[in-house]
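# Survey of secondary and tertiary structure
Take a look at the letters that make up each chain.
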Amino acid sequence: MMNWTQRNLQFSRKRRGFHLVTRDIVDQLPEIGDLRCGMLHLFLQHTSAALTLNENADPDVQVDLEASMNAIAPESFPYIHTCEGPDDMPAHVKSSLLGASLMIPVQDGHLALGTWQGIYLVEHRNHATPRRVVATLWGE
């Protein structure tokens, strides 16, 4: 029989950058441990932050990813949408590039992530608000 769980996860304000949240997600969803085979869908309810999978071993990767995103969508670009500050429109661009959702398989009670993979909440704003993620878990 297929089991379903859906929960709203809350993340405190984070500074701008890439934040490893894998452990936070697993801690808030103990039902993962009950599944032999399943899927976890994560949906971020914001347009100026993102979710992504990337290397979780070397913190230099987080620094380089942030620098790369800033080079791709700099605050100095002549954006038209500027009413929410100079970091807002670049945040929307970065969010569109990385995305607002992830699907991760669950295998034998664990997220089936690769050896060096971690889930990141990516904050693109200089002065962020707390972030919400809808987590939907299903499987058997």
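Just above sits the structure.
The following paragraphs examine the structure supplied in this document. (Residues numbered from 1 in each chain as written. Predicted model: local features only at pLDDT ≥ 70, side-chain atom pairs only at ≥ 80, totals over all residues. Heavy atoms only, no water.)

Moving on, we come to the packing of aromatic side chains. Taken as a whole, this structure holds three aromatic pairs when the rule is applied. When the ring of Trp4 is compared with that of Trp138, the centres are 5.1 Å apart and the planes differ by 15°; the resulting orientation is stacked. With a gap of 134 residues between them, Trp4 in strand E1 (residues 3–11) and Trp138 in strand E8 (residues 131–139) connect regions that are remote in the sequence. Centroid distance Phe18 to Tyr120: 6.3 Å. Interplanar angle 65°. Geometry classified as edge-to-face. (Phe/Tyr/Trp six-rings, centres within 6.5 Å; stacked < 30°, edge-to-face > 60°. Helix = DSSP H or I, 4+ residues; strand = E, 2+ residues; numbered from the N terminus.)

On to the nonpolar core, then. General note: in soluble globular proteins, nonpolar side chains tend to be found buried as a group. Core analysis: the largest hydrophobic core is formed by 21 residues, its most contacted members being Ile25, Leu40, Leu42 and Ile119. Those elements giving two or more residues to this core turn out to be E1, strand E3 (37–44), strand E4 (49–55), strand E5 (101–107), strand E7 (117–123) and E8. Once you skip the residues sitting within four places of it in the chain, Ile119 turns out to touch His19, Leu20, Val21, Thr22, Ile25, Leu42, Thr52, Leu53, Leu102, Ile104, Leu111 and Leu113. The next biggest cluster of nonpolar side chains, apart from the first, holds five residues, and it includes Ala50, Met69, Tyr120 and Val122. (Core = buried A, V, L, I, M, F, W, Y, C linked by side-chain atoms within 4.5 Å. Buried < 20%, exposed > 50% of the residue type's maximum accessible area, 1.4 Å probe, protein only. Contact = heavy atoms within 4.5 Å.)

Another point: the environment of Thr136. Relative to the helices and strands, Thr136 resides in strand E8. Accessibility expressed as a relative area gives 11% for Thr136, which makes it buried. Here the alpha-carbon distance between Thr136 and Leu40, two residues 96 residues apart in the chain, equals 5.8 Å. If sequence neighbours within four positions are ignored, Thr136 has contacts with Trp4, Thr5, Gln6, Met39, Leu40 and His41. Here Gln6 takes part through its side chain, which lies 2.7 Å from a polar atom of the side chain of Thr136. (Polar contact = N/O pair within 3.5 Å; in protein donor to acceptor, adjacent residues only side chain to side chain.)

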